[in-house]
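Structural overview for review
Residues per chain are reported as follows:
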Amino acid sequence: MHEMSIATSLIDAVNQQCAEYPRAAVTRVGVRLGEWAGVDVESLRFCFETLVSETTLAGAALEIEFREKTADLDIAYLELEDET
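Within each chain, residues carry numbers counting from 1 in the order of the written sequence. For a predicted model such as this one, the threshold for reporting local features is a pLDDT of at least 70, and the threshold for listing and counting side-chain atom pairs is 80 or more; totals across whole chains, interfaces and linings nevertheless cover every residue. The basis for every side-chain value is the complete set of heavy atoms in the structure, and neither hydrogens nor water enter the calculation.

Let us look at the layout of surface pockets. Buriedness of a pocket was judged along seven lines, with at least five required to meet protein on both sides within 12 Å; pockets are open sets of points on a 1 Å grid over the protein atoms alone, cavities are sets where a 1.4 Å probe fits but cannot get out, and lining residues have an atom within 4 Å of a point. Grid points are joined across faces, edges and corners, and a volume is the space filled by probe spheres set on the points. Considering only enclosed or pocket space, the largest pocket measures out at about 170 Å³ in volume. As for the largest pocket, its lining consists of Asn 15, Cys 18, Ala 19, Tyr 21, Pro 22, Ala 24, Ala 25, Val 26, Thr 56, Leu 57 and Glu 83. If you list the elements that add at least two residues to the lining of the largest pocket, you get α1 (3–18) and β1 (24–34). The helix count covers DSSP runs of H or I at least four residues long, the strand count covers runs of E at least two residues long, and both are numbered beginning at the N terminus. When residues of the lining of the largest pocket are assigned to their parent elements, the largest contribution, three residues, is made by β1. Residues are grouped as follows: Ala, Val, Leu, Ile, Met, Phe, Trp, Tyr, Cys and Pro are nonpolar; Asp, Glu, Lys and Arg are charged; every other residue, Gly included, is polar. Here the lining of the largest pocket is composed, by residue class, of eight nonpolar, two polar and one charged.

In structure tokens, the structure reads:
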């Protein structure tokens with residue numbers, strides 16, 4: 001199940017980006033996923049939710065934009081909420 005390593009990489013990238021905003025909470029992570037990327041959408045969602053469940057990203061929603069005829073796999077956006 002390579003979806004677990006993909007979810008781990010996504011989380012690492014999100015944490016790296018969010019280091020610049022220490023008082024913000026991530027509410028959504030948008031991902032572009034192409035049909036040729038070879039990733040099972042539901043497995044990726046399950047892995048992401050499981051890995052973030054006891055972290056500072058707990059509660060962040062993973063939104064997947066499925067794209068036909070591409071091999072895309074990248075972060076499209078992060079939605080942050082100021083916690084002050």
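Looking now at the environment of Ala 37. Within the secondary structure, Ala 37 sits in the loop between β1 and α2 (41–52). When the C-alpha positions of Ala 37 and Ala 71 are compared, they lie 4.3 Å apart, and in sequence the two are 34 residues distant. If near-sequence neighbours (up to four positions away) are discounted, Ala 37 is found in contact with Thr 70, Ala 71 and Asp 72. Throughout, a contact is declared for two residues whenever any of their heavy atoms are within 4.5 Å.

Turning next to unusual backbone geometry. A positive phi angle, near 55 degrees, is found at Lys 69, a position not held by glycine. Structurally, Lys 69 is set in the loop between β2 (61–67) and β3 (73–82). For Lys 69, a relative accessible area of 61% puts it in the exposed group. Any residue under 20% of the maximum accessible area for its type is buried, any over 50% is exposed, and the rest in between are partly exposed; the area is computed with a 1.4 Å probe on protein chains only.

Okay, α2 next. Along its 12 residues, α2 runs 17 Å from first to last C-alpha, staying within 8% of the 16 Å computed at 1.5 Å per residue. Looking only at α2, the buried set comprises Leu 44, Cys 47, Phe 48 and Val 52. Projected down its long axis, α2 carries its buried residues within an arc of 115 degrees, all on one side. Opposite the buried face of α2, by more than 90 degrees, sit the exposed residues Glu 42 and Phe 46. What a helix should span is 1.5 Å times the count of its residues minus one. To obtain the arc, one takes the directions from the helix axis to the C-beta atoms.

This brings us to the side chain of Glu 3. With respect to the helices and strands, Glu 3 occurs in helix α1. The charged side chain of Glu 3 is buried without a salt bridge, its nearest counter-charge being Arg 45 at 12 Å. For the purposes of these results, a polar contact is taken to be a pair of N or O atoms within 3.5 Å, where, inside protein, one atom must be able to donate a hydrogen and its partner to accept one; residues adjacent in sequence count only when each atom of the pair is a side-chain atom. Side-chain polar atoms of Glu 3 contact the backbone nitrogen of Asp 40, separated by 2.9 Å. Dropping the residues within four chain positions of it, Glu 3 is found in contact with Gly 38, Val 39, Asp 40, Ser 43, Leu 44 and Cys 47. Think of it this way: Lys and Arg go in the positive column, Asp and Glu in the negative one, and His and the chain ends go nowhere. A carboxyl oxygen of Asp or Glu within 4 Å of a side-chain nitrogen of Lys or Arg is what we treat as a salt bridge.

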